[in-house]
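Residue-level structural notes
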Amino acid sequence: MRTDGDKSKVCVLFKGARDVIKADKIARDMGLIISVMPVPENLSSECGMCLIIKKYDLKEFHNMLENKGIHAEFCDLPSFSTTKSH
């Protein structure tokens, strides 16, 4: 359920910069509000960059990434509880 008052965000981690760039374009084409930023220090990522998206956009964005063959890990902010996409 999409609630514009929900301020929860998700950190999206990728294996490489190419996937970050592709995912950024996908998110923007979907009209999502996102941020590209360095991976937080307490997380690990091979490329060092991540996307931050609103939690209510996660399911739609995750499905689009899977359809495009882009693998990502998703971490709730600020708890950083990690789940992987397949």
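In the block above lies the structure referred to throughout.
In what follows, the accompanying structure is described. (Residues numbered from 1 in each chain as written. Predicted model: local features only at pLDDT ≥ 70, side-chain atom pairs only at ≥ 80, totals over all residues. Heavy atoms only, no water.)

As for helix α1 (residues 17–29)
- The terminal C-alpha atoms of α1 lie 18 Å apart, and with 13 residues this matches the ideal 18 Å at 1.5 Å per residue to within 8%.
- When we look at burial in α1, the residues that qualify are V20, A23, D24, I26 and A27. Along the long axis of α1, the arc covered by the buried residues comes to 165°, so they all point the same way. Every exposed residue of α1 that faces more than 90 degrees away from the buried side is listed here: R18, I21, K25 and D29.
- Directly after α1, the chain includes G31, whose backbone phi takes a positive value near 80°. (Helix = DSSP H or I, 4+ residues; strand = E, 2+ residues; numbered from the N terminus. Expected span 1.5 Å × (residues − 1). Buried < 20%, exposed > 50% of the residue type's maximum accessible area, 1.4 Å probe, protein only. Arc of directions from axis to C-beta.)

Side note on the nonpolar core
- In terms of nonpolar packing, the biggest core is built from 16 residues, with V12, F14, L51, F61 and L65 touching the most fellow members.
- A per-element tally of this core places α1 first, with four residues.
- Residues in contact with L51, not counting those within four places in the same chain, are V10, C11, V12, F14, V20, A23, D24, I34, S35, V36 and F61.
- With seven residues, the next largest nonpolar core counts L43, C50, I52 and C75 among its residues. (Core = buried A, V, L, I, M, F, W, Y, C linked by side-chain atoms within 4.5 Å. Contact = heavy atoms within 4.5 Å.)

Some points on the packing of α1 against helix α2 (residues 58–67)
- Following both chains from N to C, one finds α1 and α2 inclined at 130°, their axes separated by 11 Å at the closest point. The angle between the axes of α1 and α2 places the two elements in the oblique class. Judged by the sense of rotation from one axis to the other, the crossing of α1 with α2 is right-handed. Facing A23, I26 and A27 of α1, the residues of α2 in contact are F61, M64 and L65.
- Among the residues making up the contact of α1 with α2, the classes are represented as six nonpolar, no polar and no charged. (Axes fitted to C-alpha atoms, helices over the stretch in contact; angles between N-to-C directions. Parallel < 35°, antiparallel > 145°, perpendicular 65-115°, else oblique. Left-handed = near helix turned anticlockwise from the far one by under 90°. Nonpolar A, V, L, I, M, F, W, Y, C, P; charged D, E, K, R; others polar.)

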